[in-house]
Amino acid sequence: MPGFDAIAPVYDALSWPLGPGAIAGVQRDLLGALPACARAVVVGGGTGRIAVDLIEGGAASRIVYLEPSRGMIARARRRAAARGVSHRIDFRRAGVEGIEAGERFDLVVTPFVLDLFAPVTLEVVMDRLDAGLVPGGAWLFADFVLDRAGPLGRATVPALYAFFRAVCRIEARRLPDFDAVFARRGFRVVAESRRAGGLLAARLLARL
Ligand SMILES: C[S@@+](CC[C@H](N)C(=O)[O-])C[C@H]1O[C@@H](n2cnc3c(N)ncnc32)[C@H](O)[C@@H]1O
């Protein structure tokens with residue numbers, strides 16, 4: 001999706017209409033609930049805030065950072081270098097195909113990325129990540145959810161899809177049913193945080 005290169009310079013500012021810092025904040029909300037882990041994979045991490053937060057907060061000691069956008073990953077590399085954590089992050093300009101055969105992770109992190117994929121691709125992405133998760137591993141998910149959304153929230157999400165489809169050429173047309181996607185795989189929600197009137201959710205998931 002090369003379209004994310006076009007918005008990489010302004011991406012962090014673009015999310016502010018949802019509430020100052022809400023997109024970044026909801027991703028951080030559950031960091032304290034994460035078990036300290038050796039190895040995490042971050043998918044579609046954008047400009048790198050979440051990777052730096054995971055390392056600095058002690059939630060992950062090493063990260064494989066999968067991000068196909070050249071502009072996004074360049075910013076993530078600069079951010080990590082400025083914070084002195086680059087040596088702990090393996091930046092790969094790729095999607096989940098960048099996971100190497102036999103690689104395993106204690107933590108999977110999907111911050112506002114699973115919403116990009118149409119249903120068939122989403123299952124492929126979920127399969128690949130699930131296969132890379134160690135037994136007993138955790139999944140930190142953050143995205144839009146509509147269960148508590150009022151009329152404004154319900155109008156916002158289609159507008160965002162129209163924008164990202166036009167500008168970034170994303171594949172999905174609507175928000176997946178994330179509850180069903182995770183429940184089918186046996187994941188349960190261990191902890192949850194909401195922001196922006198409930199429209200933004202972070203969830204820590206595990207197989208119980
Ligand atoms: C909506 S942005 C979210 C960025 C960041 N996680 C955040 O919350 O601010 C989606 C990110 O997913 C990346 N992306 C696009 N296609 C992807 C793919 N197939 N696999 C992984 N990441 C992808 C984009 O380049 C972009 O950085």
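Residues numbered from 1 in each chain as written. Predicted model: local features only at pLDDT ≥ 70, side-chain atom pairs only at ≥ 80, totals over all residues. Heavy atoms only, no water.

Quick look at the site of the ligand
1) Next: The ligand sits among 20 residues. The nearest are Tyr 11, Gln 27, Gly 44, Glu 67 and Pro 111.
2) Next: Tyr 11 is positioned with one of its side-chain polar atoms (N or O) 3.5 Å from an oxygen atom of the ligand.
3) Next: Between the ligand and Arg 49, the relevant distance is 3.3 Å, taken from an oxygen atom to a side-chain nitrogen or oxygen of the residue.
4) Next: Taken together, the residues that form the shell around the ligand break down as twelve nonpolar, six polar and two charged. (Near = heavy atom within 4 Å. Polar contact = N/O pair within 3.5 Å; in protein donor to acceptor, adjacent residues only side chain to side chain. Nonpolar A, V, L, I, M, F, W, Y, C, P; charged D, E, K, R; others polar.)

Regarding the packing of aromatic side chains
1) Next: For the coordinates displayed, the defined rule picks out nine aromatic pairs.
2) Next: A centroid spacing of 4.8 Å and a plane angle of 65 degrees characterise the contact between Phe 141 and Phe 178, whose relative ring orientation is edge-to-face. You can see Phe 141 sitting in strand E5 (residues 133-144) and its partner Phe 178 sitting in helix H8 (residues 178-184), a full 37 residues away along the chain.
3) Next: Given a relative accessible area of 4%, Phe 178 falls into the buried group.
4) Next: Between Phe 163 and Phe 164, the aromatic rings sit 5.1 Å apart at their centres with planes inclined by 85 degrees, giving edge-to-face as the arrangement.
5) Next: Phe 163 gets classed as partly exposed once you look at its relative accessible area, which sits at 31%.
6) Next: Taken together, the aromatic side chains of Trp 139, Phe 141, Phe 178, Phe 182 and Phe 187 make up a single cluster linked through ring pairs. (Phe/Tyr/Trp six-rings, centres within 6.5 Å; stacked < 30°, edge-to-face > 60°. Helix = DSSP H or I, 4+ residues; strand = E, 2+ residues; numbered from the N terminus. Buried < 20%, exposed > 50% of the residue type's maximum accessible area, 1.4 Å probe, protein only.)

As for the pattern of salt bridges
1) Next: Scanning the model with the defined rule gives 19 salt bridges in all.
2) Next: The salt bridge involving Asp 12 is made with Arg 49; its shortest N-O contact spans 3.5 Å. Separated by 37 residues along the polypeptide, Asp 12 in helix H2 (residues 11-14) and Arg 49 in helix H4 (residues 49-56) bring together distant segments of the chain.
3) Next: Classification of Arg 49 by relative accessible area gives buried; the value is 17%.
4) Next: Notably, a salt bridge pairs Arg 92 with Asp 90, separated by 2.8 Å at the nearest N-O pair.
5) Next: Among the residues examined, Arg 92 registers a relative accessible area of 12% and is labelled buried.
6) Next: When salt bridges with common partners are traced through the structure, they connect Glu 123, Asp 127, Asp 130, Arg 184, Arg 185 and Arg 207 into a single cluster. (Salt bridge = Lys/Arg side-chain N within 4 Å of Asp/Glu carboxyl O.)

Details of the pairing of strand E7 (residues 200-207)
1) Next: By the criterion of burial, E7 is predominantly enclosed, with seven of the eight residues buried.
2) Next: In terms of strand pairing, E5 meets E7 through seven bridges, oriented antiparallel. Pairing of Trp 139 across the sheet is with Leu 205, part of E7.
3) Next: By the bridge criterion, eight bridges tie strand E6 (residues 187-195) to E7 in an arrangement that is antiparallel. When the bridges of E7 are listed, Ser 193 appears paired with Ala 202.
4) Next: From the end of E6 to the start of E7, which pair antiparallel, there are four residues, and Ala 196 there has a positive phi angle of about 55 degrees. (Pairing = 2+ DSSP bridges.)

Some remarks on the nonpolar core
1) Next: Leu 54, Ile 63, Leu 114 and Trp 139 are the most contacted members of the largest nonpolar core, which totals 73 residues.
2) Next: Ranked by residues supplied to this core, first place goes to E5 with seven residues.
3) Next: In this view, Leu 114 contacts Leu 122, Val 125, Met 126, Phe 141, Asp 143, Pro 176, Phe 178 and Phe 182; residues no more than four positions away in its chain are not counted. (Core = buried A, V, L, I, M, F, W, Y, C linked by side-chain atoms within 4.5 Å. Contact = heavy atoms within 4.5 Å.)

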